[in-house]
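# Structural overview
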Amino acid sequence: MIEKRGEYIFGRNSVREAIRSGEQIDRIYVMQDQSEGSIRELIMLARQNKIVITEVPRIKMDEMCADMGHDGKPGNHQGIIAQIPAFAYSEMDDIFELAQVRGEQPFIVILDSIQDPHNLGAIIRSAEALGAHGVIIGKRRSASLTTSAFKVSCGAAQYIPIVKVTNINHAIEELKKKNVWIAAADMDGQPLAGTNLTGAIALVIGGESEGVARLTRELCDMVVKIEMGGKTTSLNASCAASIMIYEKRRQDLLK
């Protein structure tokens, strides 16, 4: 039986069972300076399944399992904890199925290294409200659909496919093979309002600090920018995403 509480599975047997059963796992935490055979075996198993592994000190692991044991003591994590998503992710095909059901061209929002759960939740809310068919996030250096992110989305995550991929660039290449045009947000791009965003489009929104990664930007068919009228030269990631998503929606309605 898997021992879990909230968004964590802990204990060697429990984590092993979770990996082998195919349960969605965002990340595995391993206690620093551990070299036991069973831990090495689990690390190897996690890597084979392309699960992100992070080493943390024992005190951190005890905090993660606080009050999960008997008499208010930390749960017996045995040096390993798996973080599971608060909600199940969708598959790429679910996005295209939703577009087909609506009789529309696919409209997708791709988030490249959005690390703040509040930004993630806010973007999901805007994407769903303005008619997008799905949101794609990466496994590494990205916020997951935690309870916090879901709350900020105001439940919108229940109504739009959220897909977590191992590699954002590979996902973009897959979308291009399906005739989806890719537009990245960057201050060096062409004006957003003057760019044709109708048809099958994926908008790529970059992370809070670095924006869209260079290699990802080079894969895109076009780069667009939001023209600013004030002295402020940048916007919060969720604000920028909302403006871009709205402009795409506006153009489709005028078509």
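On a predicted model such as this, the values are computed, not experimentally measured, just so you know. (Residues numbered from 1 in each chain as written. Predicted model: local features only at pLDDT ≥ 70, side-chain atom pairs only at ≥ 80, totals over all residues. Heavy atoms only, no water.)

Attention now moves to the layout of surface pockets. Space inside the largest pocket adds up to approximately 440 Å³. Lining the largest pocket are 22 residues, and of these A185, M187, G211, L235 and A240 sit closest to its centre. Residue assignment for the lining of the largest pocket shows that the elements contributing at least two residues are β9 (181-191), β10 (201-206), β11 (222-225) and α9 (237-254). Its residues assigned to classes, the lining of the largest pocket comprises 11 nonpolar, seven polar and four charged. (1 Å grid on protein atoms, 1.4 Å probe; cavity = no way out; pocket = protein on both sides within 12 Å on 5 of 7 lines; lining within 4 Å. Points joined across faces, edges and corners; volume = space filled by probe spheres on them. Helix = DSSP H or I, 4+ residues; strand = E, 2+ residues; numbered from the N terminus. Nonpolar A, V, L, I, M, F, W, Y, C, P; charged D, E, K, R; others polar.)

This next bit is on the environment of R16. Relative to the elements of secondary structure, R16 occurs in helix α1 (residues 12-20). Taking the C-alpha atoms as reference points, R16 and D221, 205 residues apart in sequence, are found 42 Å from one another. If sequence neighbours within four positions are ignored, R16 has contacts with S38, E41, L42 and L45. Side chain to side chain, R16 and N13 meet in a polar contact 3.0 Å long. (Contact = heavy atoms within 4.5 Å. Polar contact = N/O pair within 3.5 Å; in protein donor to acceptor, adjacent residues only side chain to side chain.)

This is a description of form; function is not addressed.
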